[in-house]
Every structure is written in C-alpha cells, then in structure tokens.
Number of protein chains: 2
Amino acid sequence: MQHSYRQLADHLMHEIKAGNYQVGERLPSVRAYAGAHEVSASTVIRCYRYLEGLGMVTARSKSGMYVADWKAQNLSRKDQRQANESKPPAVEYDKLMSHQHRMMQLYALTAQPLHLGLHLASAAPQWYPCEALAKIGQRLLRHDAQAIGVYPTGTGLPVLKSALIHHLASFGVDLQAQDLLITNGSTEALSVALRAVAQAGDAVIVESPVYFGLLQMIENLGLKALEVPCVAGAGISLEALEYALEHHAGVKAIVAMPNFQNPLGCAMSEKNKRRLLKLVEHYDIALIEDDVFGDLSHEAERPQPVKAWDRHGHVIYCGSCSKSMAPAFRLGWIAGGRYHARIAALKLSHSLVTPLFEQAVLAEFLHSGALPSHLRKLRERLVANIPLVLAAVRRYFPAGTLVISPAGGWWLWLELPEKVDSLALLRLAVSEGIAFTPGVMFSNSAKYAHFMRLNIGRPWDRELEQGIKILGQLVAQLMYSLAGL
Amino acid sequence: MQHSYRQLADHLMHEIKAGNYQVGERLPSVRAYAGAHEVSASTVIRCYRYLEGLGMVTARSKSGMYVADWKAQNLSRKDQRQANESKPPAVEYDKLMSHQHRMMQLYALTAQPLHLGLHLASAAPQWYPCEALAKIGQRLLRHDAQAIGVYPTGTGLPVLKSALIHHLASFGVDLQAQDLLITNGSTEALSVALRAVAQAGDAVIVESPVYFGLLQMIENLGLKALEVPCVAGAGISLEALEYALEHHAGVKAIVAMPNFQNPLGCAMSEKNKRRLLKLVEHYDIALIEDDVFGDLSHEAERPQPVKAWDRHGHVIYCGSCSKSMAPAFRLGWIAGGRYHARIAALKLSHSLVTPLFEQAVLAEFLHSGALPSHLRKLRERLVANIPLVLAAVRRYFPAGTLVISPAGGWWLWLELPEKVDSLALLRLAVSEGIAFTPGVMFSNSAKYAHFMRLNIGRPWDRELEQGIKILGQLVAQLMYSLAGL
C-alpha cells in the first residue's frame, strides 16, 4: 500500500536530491504540478505537506512552496524528530547546570549537527537485535491488526510478564505476575516509585555522582536529594550512607544502581549489597533499585541485584529494555515489594497502561530464547572496546586525566585536571561536531565541573579514535589558555 | 520467521483444542515430547513456557506440565492480558466507590467472563482503521528496522506534529510545532497539566458527573476536586462555576470537556465556551480542556474547542487518538499555552519520551488524508445506533428511567428510579455476562448511585438488544425487591 501522494513525494524528493530543484528554489504551483503529473490537486497538497513535515520543502505565506535547506538535515527517522522545528534549538550551555533545564539542553545538544554523539543514552543501533524485533512486529501486525482497535487495560501483557519472570529468575529475583507492572520506560518506574514512598518536602538519598534525570525528577516532585558519595569501583559509600541516615530524620528512600552505576559503571560487591539491604531494613525505608544496566556486565556472570535477597519487600526493583534490548520501545518494569499496590495505583492514574504492541514484540523475542546470545554479543563488543578506548584516552588526553574504567555498561567517567571546566570543553567540542555529557550535570553542586561522561557503546573506528583525539587536544588547549600561555 | 518452538506450540495448541489432551491431563515429559517430535529438549521447554504464558498449560512443581482450563479463557491478544494471572481477579464491588480502587476494579470487571462489555472505554475494534494502520506499521518496520535501536529524544515526532497541526487547524486551533508535546495518552497529558498548575493542597474544579480517572488522579496528586454540576445537554453550569470561583480562593484550574462530556455526551454552545474562557481569564487560572471526544460529533460539523479562542495562553489543550483513531496506540498530545514549558519539563522528568513507532504510523495515516472519511464513517455508525438504543431502553427499562441522549461520543447516561442502586445492578449484570459503569464512580459523593453509563459504540445487533433487555429486567427486579414484592 503506497498512497499516490507518497509516490509523488518520493519522486519529488528524488528530484530535489538530484539537484533538479535547488535549495531556495520555488516549486511549481499545486495546479501546475498536478497537471504535469496527472494527479489531483489534493494529492499535490498532501505531497507538499508531507515533504514539509520532513523538512524538505517549506511554505512561504502567499508565495508558495520552496525547497528547504534539506542538506543541513539528515532525513533518517532519527533526525525527523527535529526536522519539523525548522532550526535545531540552540544549546544554552549555562542551563546544563540547572536541574530544570538539563534534559532539555541535552536534547538540544542532540539536535546540533554532530558526527560523534558520545552523550547518547544507548549503544549503537546496530548493536541491538533490530531486525529480529522488526520481523516479530511485522508478523504481529499481519496476524492481529484488530488489536490496534482494542483499548488496553491491565498491568502489562501476561506473555511479557511471564518472559520477564523467567529472565529475572535467572539471576535470583523470584516474582509472580502480580508483583510486576509494565511501565513507560524505567523513568516512569522511578517516578511512580518516588511518588509512592515520599511526599513533597521529604528527602531521598541518591548516589553521587548521579544520573541527572533523577535529580530533575526529584526536584520536580518537590523532594530533596541528599547526595551520598560513591567509592570509585565499589558504588555508594556505606559509611557515608549510614552517617546520612543517622543525621537526617526525613529520609524516605535510597535510590541506587548497585549494578553498573551511571556514570561510574561500577558494581557493588555482594557483601555490600547485603549490607545496603540491612541498612534499609534497619531504618525501614525503601530502596529504589535501578537495575537498567544489570544485564550489561562485562563479565560472563550477571550480578544479582539487591532485590534477590529482599525478604520483607523493602526493595522496589526497576528494570527496562532500553539499554540492553530495544531502546525505542520505551518499556520498563517495576516490582514494588510492599509498596506495589500504591505504585500500581499511581501508574494507572498517571498514564493508565503501557502500549501493548511493543510488549507483545518483546515478549516473543524473549520467549524465542534469543536474549542470552544477544547479550553475549553485546558484552563482547563492549569488552573489546574498553582497552582501545582507554589506550586512546591515555594517548591523547593530557597527563593528570583520570579514567574510571567501567565493570558494566558503556559509560566512561573521566576526571580532567582540576581547573578544566568540561562545560567550556563541550562548547568547543560541539563546534567540532562532538558531544559528551559534562560533569556538572551529575550533581546539584559544582563538584564534578571538571569531569565528563563518554558513551563508548559504539564500534571502535577511526571516527571514535579521532573524536577522542580532538577532545584530548581541546582539553590541552583549555589548560594552556588557563595557564595564560 | 517462525521459531521451531512456536511451530511446536501451535501444533500442541491445536491438539489440546481438538481434545487430544483434556483439561487437567498431564502432558508428555520434555524428553518424551522432544523425542516424539524430533526436536531439542530446549525447544519443548520454550514451547511449554510459551503455552504457559498463554494460559493453555500449567506447571505443577516436580510433577510436570498439565493442560490448563483454557476454555475459560478466550485466547485473543486482548484476553492474553489476564491469561497469565491464572484466575481473573474478583471484582470487589464496594471498592468501585473509592477513588483509589475504581480503576483497578473496573479492570477486574474486564477480566470477568463477559459477553457484553458496555463499560469499555473505546468503540468496537472493527470501527477503527486497524488494517490501514497495521499496513503502515508493517511497511515502517520493513524499511526502517534500525529505528528500534535508536533511543528517542524530543517532544514528539515532527511528522506527527505537522499532521496534528493541520488537523487542529481544521477546527480553529492554530499551533506551531513548539507549542505541542506528544504524551502517553491524554491521561499523561492531564496528569502533567495538573502538576504544572497546582500543588498538593490546591483545589481544582471539575464537572459533575465526571470521569472517575480524573478524580483518582486529582486525589493521587494531593489536590482537592470541587465538583461543579453540569446542566444536561449544555455542559458545566457557568453560574455554579462562577459561584464556586467566588467562594474558593485556592482554585488553580478548571478541568472540563466542553465537547462531549464524559459521561453526559453534551457539548457547550460556542457562547458558553467564550463565557467560560472569559471567566478563566478573569480569575487568571488555567482551563485544562480535555477534547478527546471532540472528533466524535454526531453532527457533520466538528465543534471548536475553547482553545480556538484562547489569546492569552490560559487554555491547556489535551487531545488523543485513543477514542477516534487507534485505542491501542496510547498517544495523546498537549498544547500547554503559557504553562507549556513547565508541562514539557514535567513530562520529560516523568517518562522522558513517547514511543516513536506508533507516532510514525499515526503520522502517515493522517498525512494520507484518510482521517476525514474514517471519522465520517465512525460518526454515521454512532448516529445510526442512537435511535435503536434509545427505543430499546424505552421498551425494556421500567418507567421512571431517564436517558441523556449524547450529541457526540458513545456514552449513554441513564438515570434510574431513585432507589435503584446501580452497583447492586452491576453485581447482577456481571453474573449475566454484562458490564457497565456504575454511577457512583462519577463523583466523590454518592449522588449518582442510581445512574449508569453505557458504551453504545458497537454495532447494533441482537446481543446488544438482548443485553439492554436483560439490564432493564434486572432494574425491574431490583425495584420489586425494594418494594418488598
């Protein structure tokens, strides 16, 4: 099924790309174009509108349709996202320091002309089982189109829940279907978890450094984040945590990533996980465990989450397919322990249900048994990258740069020499077409201003090496200018 | 691509349905079944797991796999949702009166063995353009599988935004891409709108009777709902609204459905819409306009929402494809006027982004120009139903039953003789396989305890007529028992 306006649009797009119509040139009137192609005027109007949506053409009021500056835009679906908002929004670098604007500015960053987006939240698209998932999706749509007409209800597709229960059981988390709720990504899972255990004015403990989206979420819920430092390679400092719990009465929860913390990439030892659970039980507060990177261990063994030892329901477990299986699906899951009923009510009243199509596709993928081999391949790719990237950083970055090598996931957390402001570095880097996430985003204080987070979940190639080289040179350049040289 | 375990599962399902294995019968051991079909043991395990997820078979620990009571379950994808939770959850009728449990209990209702679900939130699946949407989806997956591997960012797919902007402009709402945000259904749109304008402890005005999901949402956000009565056929009483605004200082917003109120189905006149806007401007509060039924007018003309006259950004406009285009997609949109930046930040920090696949499918459907003829057909079907349903209600329900005939949408709001408790009626009806929504859900008070809402968005047939007849008889039966006869 190809609509006639789409055929016409494909034809016109081809002509524009071939240079038959130049950027800025006026296109034929609707009437003329319709006549020339023996189609109706409304087909031409739809064709023009469609290309307008793609950013290929642009309407000027009362004067007709013109060829847009389409070359500035890459027209893959990924880039269509920004195509309609005629110009990419400018990055306001100073706003990267404010919670309220961090995410928006990070998105603005993505809209810039970049060739190396080391700030992105997932691995390279070709590292995911896209073809297998797409084929399952096509089959489902072919065989059960009517499902589109059914208003979904419930807490998640049972076939997905049963697949997830088998997966979770493989690393020690034993759940029943009624313990599990499917959410719009782990972000929604974290949001309803926080709302279930804390009210405006309450405090929650987070790791430091910490994923900026969590800080923004906490702020937007009217909560206060207490940042407890991590020990590099070991996760949250249990001594600092105990101190914080002793000295703050209103703490309702700890939010932590015991497996492959974002941005540090470290995992807590099993002993420390058990100590963390004991603390949580002792203070009778919730542990909101974000395990989205748990499947991405660099070792063959998948580490257990704290939830595996949770006997009294203190742990709210949050997972997702966004990092390890299908970034675009926006599917997460939550097992809320003793807080589950409240969590389910909040999810329901916030967004009712999660779309079923992606759930059905993921369920079939998991039931097919394809996950372990996919994860093995993903792990091998990540593991192969680490020494190459580390060697390049050592080679190209100035002396005094410290690297935290991850034990899982794809984040590389770099500490630059202390006077180097990574926000200033980002400005320079974006003008070279390279983006990363500046350290200032990982705390409400400025203490990580000279840190940076790189996504190294992409094939090692000349482009990545060149990017690291340019970043290292820019750091050196900033150091020289700081030294007044 | 059909996995071998799926072929085996299809085969075994066929055998079970043919009666070769009876309900409760033990299935062959994994080893025996693998041998008999010349497949690996792991294929049989996957096959059994898959059928377990579908509720066809059930594992008994240490004793093997047994045929489940699959006949009690309809195995369409719709019903798979409950299949995994071995028994449908019992409806706790009294909980339908409490905000916190209403939605859950309504879902529990859906899980009962029903043949006439007049409580459902959408029209009959065959009334939606499922085939056209499924074909677009298949094509997108075929041509752009890699999109599954891309982590989405941004406020909505630009091609969808441009299509929606054209659609909204057709009834007087003029927006730019940056004014519009795509959400996980209109429920999320309403939730972030409320969070943007009000804080825990604030009051918001709602219509009475009102959609129960809104009452639950307001309660969960710590807000207070002031219920302002509607005038049948005209929408919210502006006199009562003015009185409420004069007497309550802390009101931050009005949430209203000026086009086809749920459950009344009435539209406000243009004059009253303008008066409502004036009031909102005078008190400098937000109007959260829920226009999800706006496209479902029973007249050819689509009425304008209040947003069409909003010059100062007081109106937060919420729409969705769930009622009029594709119930399963869970796509909504919001144009937040002067509150838009705050709304966008809250959406981002609650659930980041909305899945792009459904957005791309809907965008292409809208760009193809197929919407107007789909809506015309849907309208014709709804309009054809009304006199038939009204005649049946008049024929089968006891005298003293009042019917509010809708001007749009598919709700029929019935007022029963005053002593008839529609919750008691629901208990009886469910035992006959019929469900509807009891009036008590539409207010925090009990004033609609003798009302009921019916979904009549389904083909007129003997089943629907019989259902209305049975409901009428049950009402009569309740009246007799009340009269002590």
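Residues numbered from 1 in each chain as written. Chains lettered and ligands numbered in written order. Predicted model: local features only at pLDDT ≥ 70, side-chain atom pairs only at ≥ 80, totals over all residues. Heavy atoms only, no water.

Chemist: An account of the sheet that holds strand β15 (residues 437-438) of chain A is requested, with residue identities and associated values reported.
Modeler: All names here are of chain A. Strand order across the open sheet formed by four strands is β12-β13-β16-β15, with antiparallel pairing between neighbours. Strands with a single pairing partner mark the edges of an open sheet, and in this sheet they are β12 (402-404) and β15. Two strands pair when backbone bridges link them, and β15 and strand β16 (residues 451-455) are joined in this way by two bridges, in the antiparallel orientation. Bridge assignment links Thr437 to a residue of β16, and that residue is Arg453. (Pairing = 2+ DSSP bridges. Helix = DSSP H or I, 4+ residues; strand = E, 2+ residues; numbered from the N terminus.)

Chemist: Mind laying out the packing of helix α2 (residues 30-37) of chain A against helix α3 (residues 41-53) of chain A, listing which residues take part and the relevant values?
Modeler: Residue and element names in this part refer to chain A. Packing of α2 against α3 leaves a shortest axis separation of 8 Å and a crossing angle of 110°. Viewed along their axes, α2 and α3 adopt a mutual orientation that is roughly perpendicular. Crossing of α2 against α3: the hand is right-handed. Taken together, the residues of α3 that come into contact with α2 (itself represented by Val30, Tyr33 and Ala34) are Ala41, Val44, Ile45 and Tyr48. Residues of the contact of α2 with α3, tallied by class, amount to seven nonpolar, no polar and no charged. (Axes fitted to C-alpha atoms, helices over the stretch in contact; angles between N-to-C directions. Parallel < 35°, antiparallel > 145°, perpendicular 65-115°, else oblique. Left-handed = near helix turned anticlockwise from the far one by under 90°. Contact = heavy atoms within 4.5 Å. Nonpolar A, V, L, I, M, F, W, Y, C, P; charged D, E, K, R; others polar.)

Chemist: Outline the relation of the copies chain A and chain B, supporting the account with residue identities and numerical values.
Modeler: When chain A is brought onto chain B, the operation consists of a screw motion whose angular component is 180° and whose axial shift is 0.0 Å, with 0.1 Å RMSD remaining. Each copy turns onto its partner about a two-fold axis. Every residue of chain A has its C-alpha some distance from the rotation axis, and the shortest such distance is that of Gln138 of chain A, at 2.4 Å. (Least-squares fit on C-alpha atoms with pLDDT ≥ 70 in both.)

Chemist: Which residues make up the state of the cysteines, and what are the values?
Modeler: Residues and elements named next belong to chain B. Under the counting rule described, the total for this entry stands at zero disulfides over all chains. Not engaged in a disulfide, the cysteine Cys130 finds its nearest cysteine sulfur in Cys321; these two sulfurs lie 11 Å apart. For Cys130, a relative accessible area of 3% puts it in the buried group. Summary of cysteine pairing: Cys266 is not part of a disulfide, and the nearest cysteine sulfur, belonging to Cys230, is at 5.7 Å. On the accessibility criterion, Cys266 (4% relative accessible area) is buried. (Disulfide = S-S within 2.5 Å. Buried < 20%, exposed > 50% of the residue type's maximum accessible area, 1.4 Å probe, protein only.)

Chemist: Lay out the interface of chain A and chain B with the relevant residues and their values.
Modeler: Each side of the interface is counted separately: chain A has 100 residues, and chain B has 100 residues. The tally of links from chain A across to chain B stands at zero salt bridges. Summed over the shared surface of chain A and chain B, the number is 23 residue pairs in polar contact (both at pLDDT 80 or more). With 13 residues, the single largest contributor to the side of chain A that touches chain B is helix α6 (residues 130-143) of chain A. Of the residues in the side of chain A that touches chain B, the class split is 47 nonpolar, 32 polar and 21 charged. (Salt bridge = Lys/Arg side-chain N within 4 Å of Asp/Glu carboxyl O. Polar contact = N/O pair within 3.5 Å; in protein donor to acceptor, adjacent residues only side chain to side chain.)

Chemist: Break down the sheet that holds strand β5 (residues 203-208) of chain A for me, with residues and values.
Modeler: In any sheet, the strands associate via hydrogen bonds between backbone groups, in a parallel or an antiparallel arrangement. Residue and element names in this part refer to chain A. A sheet is described by the order of its strands in space; here eight strands give the open sequence β4-β11-β10-β9-β8-β5-β6-β7, paired in mixed fashion. Whereas interior strands pair on both sides, the edge strands pair on one side only; in this sheet they are β4 (181-184) and β7 (235-236). Pairing of strand β9 (residues 286-290) with strand β10 (residues 315-320), which is carried by four bridges, proceeds in the parallel orientation. Paired with Asp290 across the bridge in β10 is Cys318. In the packing of helix α7 (residues 158-169) onto the sheet, contacts are made with β4, β10 and β11 (331-335), and the angle to β4 comes to roughly 100°.

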